[in-house]
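Tertiary structure, described
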Amino acid sequence: GGIREIPFCLPELDAHLGGMSCGDLCIVGGDTSAGKSSTALLMALEQAKRGLKPAIISCEDPRDRWGGRIVSMLSGVPIRAIRTGRTSDWQGEAIEVGYGRAKTLTVEMAYTVGEDLDTIVDATRHLIQERGCNIIILDYLQTIIVPRTESRREQIRLILSRFKRELNRPGVEAAGIALSQFRK
């Protein structure tokens, strides 16, 4: 066997939970714009720094939004400044350094905006089997198109069960994190 424990790479969370085991699925929830995607990206970047192979399946945000987040995190320049292009000289230099750092880290990305559950499952399988990823972050549950059921709760249950099934296939050494909006 290979990996036994996969750290979240958030020190307080790892101290309390000790990371995840292969086949585990963790759900991270919060309000709209609470920072779920940014926190997941921070985890993925830290995991990549430690030699793990994280992947993010983006069901909501396009490539350029993720690129801006990555450069912001690696450069220390606020995302708003990057998006508007209103940066100082030092920020411009820091952005160049951030781009350079981004090239040294591998966080696989799959962009599945507006796609259905079967496409998400296929992306998960591809990232694990073809790209060798050992942590899959699904961002986020409510945007995945699923067959009509009695309730949204049943739809989310279907998404989670299909995602977890991929993580528990024979020979797979991966864990998953699913991001979800929770209502107050």
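This paragraph deals with the layout of surface pockets. By volume, the largest pocket is sized at about 370 Å³. Residue lining of the largest pocket: 18 residues in total, with S33, G35, S37, S38 and R69 positioned closest to the centre. Broken down by secondary-structure element, the contributors of at least two residues to the lining of the largest pocket are α2 (36-49), α3 (63-75) and α4 (79-84). By residue number, the principal contributor to the lining of the largest pocket is α3, which donates four residues.

Let's shift gears to the sheet that holds strand β5 (residues 108-111). Strand order in this open sheet of five strands is β3-β7-β6-β4-β5, and the pairing throughout is parallel. In this open sheet, the two edge strands, each paired with only one partner strand, are β3 (25-30) and β5. This sheet shows a mean twist of 15° between the axes of neighbouring strands, independent of strand direction. In terms of strand pairing, strand β4 (residues 54-58) meets β5 through four bridges, oriented parallel. Paired with I57 across the two strands is A110, which belongs to β5. Across the sheet, α2 touches β3, β4, β6 (135-139) and β7 (175-181), and the angle it forms with β7 is around 165°.

Below, the discussion takes up the pairing of β6. Summarising burial for β6: five of the five residues are buried, a large majority. Side chains of β6 alternate between two faces, with I135, I137 and D139 and I136 and L138 buried alike. Looking at chain direction, β4 and β6 are connected through five bridges and run parallel. Its bridge partner lying in β6, I57 is registered against L138. Taken together, the five bridges between β6 and β7 define a ladder with parallel strand orientation. Residue pairing for β7: I137 is matched across the bridge by I177. Traced from β6 through helix α7 (residues 152-167) to β7, the parallel crossover comes out right-handed.

Here we come to the side chain of D139. Relative to the elements of secondary structure, D139 occurs in strand β6. The buried charged residue D139 lacks any salt bridge, with R69 as its nearest oppositely charged partner at 4.9 Å. A polar side-chain atom of D139 sits 2.6 Å from a polar atom in the side chain of S37.

Interaxial distance between helix α6 (residues 117-129) and α7 falls to 10 Å at its minimum, and their mutual angle equals 20°. In terms of axis orientation, α6 runs roughly parallel to α7. Here the hand of the crossing between α6 and α7 comes out right-handed. Here L117, D118, V121, T124, R125 and I128 of α6 come into contact with α7, specifically with L158, I159, R162, F163, E166 and L167.

Each value, and the rule that gives it
Residues numbered from 1 in each chain as written. Predicted model: local features only at pLDDT ≥ 70, side-chain atom pairs only at ≥ 80, totals over all residues. Heavy atoms only, no water. 1 Å grid on protein atoms, 1.4 Å probe; cavity = no way out; pocket = protein on both sides within 12 Å on 5 of 7 lines; lining within 4 Å. Points joined across faces, edges and corners; volume = space filled by probe spheres on them. Helix = DSSP H or I, 4+ residues; strand = E, 2+ residues; numbered from the N terminus. Pairing = 2+ DSSP bridges. Axes fitted to C-alpha atoms, helices over the stretch in contact; angles between N-to-C directions. Contact = heavy atoms within 4.5 Å. Buried < 20%, exposed > 50% of the residue type's maximum accessible area, 1.4 Å probe, protein only. Right-handed = clockwise from strand over helix to strand, strands pointing away. Lys, Arg positive; Asp, Glu negative; His and termini not counted. Salt bridge = Lys/Arg side-chain N within 4 Å of Asp/Glu carboxyl O. Polar contact = N/O pair within 3.5 Å; in protein donor to acceptor, adjacent residues only side chain to side chain. Parallel < 35°, antiparallel > 145°, perpendicular 65-115°, else oblique. Left-handed = near helix turned anticlockwise from the far one by under 90°.

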